[in-house]
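# Architecture at a glance
So you can see what is in the structure, the chains are spelled out below.
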Amino acid sequence: AACNQIDPNPPESWRRQRPRDCAGMRAYCKRHRGSTFQFIETALDVPPPCPGIAFVTVIRQPWTRLESTQGKLGWMFPNASSLIKGMQPGDNPLADSTGWNYCGMAAHAPTCQPQFKAGYFNNYYIRYLLGLDEGATIPWDHVGEEHFRKAVAILESFDLVVPIDYLADALPALQCAIGPKFDVGLGDKPGGRYGWTTKHRKTDPARGRCEFQAVAERHSVERKELCDLFKAHNEWDMKLWDWALTRWRARSGDCRTASA
């Protein structure tokens, strides 16, 4: 797999290498031993469609994603809260003065996101989908309906968008999306030949809305504070999650395959 990790920081090497078009995506994979799979963790600088390339994503409820992937690093909570409380509408999210880089020399600290910096805590999904040139430069709290509509249009061009709640049901859709050249091992047994997940993990809507009580313990209090701040500054990412859920539930089951 050709992966482009967001760490270590600084990210200059990725900025030099990042693809700008479909041909650039293929060239990037070719430099990585001819991989046929690319995992884009930084920003979607090349949106679909690309001939012969399937675009697939799994989307999570924004707060529960942040909580589960970064919450293990307890020091994120007070630091990120301090960052958000220090931002004003219109501020430049890329300014180092925001305090975004509180991770120091931590070996793996994606919460200190060097591509979007403070913008990582302000509608990151939409910023990611719009790419670095546009998404990373949107001033703080200035993501709006126009950006949301652009992000929806990009996701509608994907071959497959799966809310994580329905990942266990998505293997046939994945096979459809990538086409007959690659066998994901559907088979006759649950999870197929390669152990695709069969567990349904439903997102707790109340938790996603920060409707939980903090217990009298420091990390719990800090978690609740950050959740409330995050909710107040991520309205459009929340809407994008709701859109993805509604779209999946209404899908007809039609097979959509990557363009030849």
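In this report, the structure presented in the accompanying data block is examined. Keep in mind that what you see is a predicted model, and the values were worked out from it rather than measured. (Residues numbered from 1 in each chain as written. Predicted model: local features only at pLDDT ≥ 70, side-chain atom pairs only at ≥ 80, totals over all residues. Heavy atoms only, no water.)

Another aspect to go through is the overall build of the protein. Along the backbone of the protein there are ten helices and four strands. Mapped from its N terminus to its C terminus, the protein presents α and β elements in the order β-α-α-β-β-α-α-α-α-β-α-α-α-α. The proportion of buried residues among the 260 residues of the protein is 49%. Intrachain contacts of the protein at a sequence separation of at least 6 include 68% that bridge at least 24 residues. (Helix = DSSP H or I, 4+ residues; strand = E, 2+ residues; numbered from the N terminus. Buried < 20%, exposed > 50% of the residue type's maximum accessible area, 1.4 Å probe, protein only. Contact = heavy atoms within 4.5 Å.)

You can see S81 is positioned in helix α4 (residues 76-86). When sequence neighbours within four positions are dropped, the list of residues in contact with S81 reads M76, E222, E225, L226 and L229.

This next bit is on the pattern of salt bridges. Evaluation of the coordinates by the stated rule reveals 14 salt bridges. For R193, the salt bridge identified is with D183, shortest N-O distance 2.3 Å. In this pair, R193 sits in the loop between α7 (171-178) and α8 (205-208) while D183 sits in the loop between α7 and α8, placing the two residues ten residues apart along the sequence. R193 sits in the partly exposed class, given a relative accessible area of 45%. Note that K224 is salt-bridged to D228, the shortest N-O span being 2.8 Å. On the criterion of helical spacing, the pair formed by K224 and D228 is a turn pair, its members being four residues apart in helix α9 (residues 218-232). (Salt bridge = Lys/Arg side-chain N within 4 Å of Asp/Glu carboxyl O.)

Moving on: the nonpolar core. Grouped together as the largest cluster of nonpolar side chains are 66 residues, with contacts concentrated most on F121 and L240. The dominant element in this core, judged by the number of residues it contributes, is helix α10 (residues 235-249), at eight residues. Apart from the residues within four sequence positions on either side, L240 is in contact with I59, Y125, I126, L129, F148, A151, V152 and L155. (Core = buried A, V, L, I, M, F, W, Y, C linked by side-chain atoms within 4.5 Å.)

Moving on, we come to the state of the cysteines. Defined simply, a disulfide is a covalent bond joining two cysteines at their sulfur atoms. Following the criterion strictly, the structure yields two disulfides and no others. With a sulfur-sulfur separation of 2.0 Å, C22 is cross-linked through a disulfide to C50. Taking the sign of the torsion about the S-S bond as the criterion, the disulfide between C22 and C50, at about -85°, is left-handed. Of this pair, C22 sits in helix α2 (residues 22-31) while C50 is found in the loop between β2 (38-40) and β3 (56-59), placing the two residues 28 residues apart along the sequence. With relative accessibility at 1%, the residue C50 sits in the buried group. (Disulfide = S-S within 2.5 Å.)

Here strand β4 (residues 160-163) shows two buried faces, one formed by L160 and V162 and the other by V161 and P163. Pairing of β3 with β4, which is carried by four bridges, proceeds in the parallel orientation. When the bridges of β4 are listed, T57 appears paired with V161. (Pairing = 2+ DSSP bridges.)

Okay, the packing of aromatic side chains next. One pair of aromatic rings is described through two measures. These are the centre distance and the angle between the planes. A full pass over the atoms with the stated rule returns eight aromatic pairs. Pairing F148 with W236 gives two aromatic rings, centres 5.4 Å apart and planes at 45°, and the pair type is tilted. One end of the pair, F148, is in helix α6 (residues 145-156); the other, W236, is in helix α10, with 88 residues separating them in the sequence. Pair check on accessibility: F148 and W236 agree, each one buried. Through a chain of ring-to-ring contacts, three or more aromatic side chains come together here, namely F116, Y120, F121, Y124 and Y128. (Phe/Tyr/Trp six-rings, centres within 6.5 Å; stacked < 30°, edge-to-face > 60°.)

Attention shifts here to the packing of helix α5 (residues 124-135) against α10. Interhelical geometry of α5 versus α10 gives an angle of 80° and a closest axis separation of 7 Å. Considered as vectors, α5 and α10 are oriented roughly perpendicular to each other. On α10, the residues that touch Y124, Y125, I126 and L129 of α5 are W236, D237 and L240. By residue class, the composition of the contact of α5 with α10 is six nonpolar, no polar and one charged. (Axes fitted to C-alpha atoms, helices over the stretch in contact; angles between N-to-C directions. Parallel < 35°, antiparallel > 145°, perpendicular 65-115°, else oblique. Nonpolar A, V, L, I, M, F, W, Y, C, P; charged D, E, K, R; others polar.)

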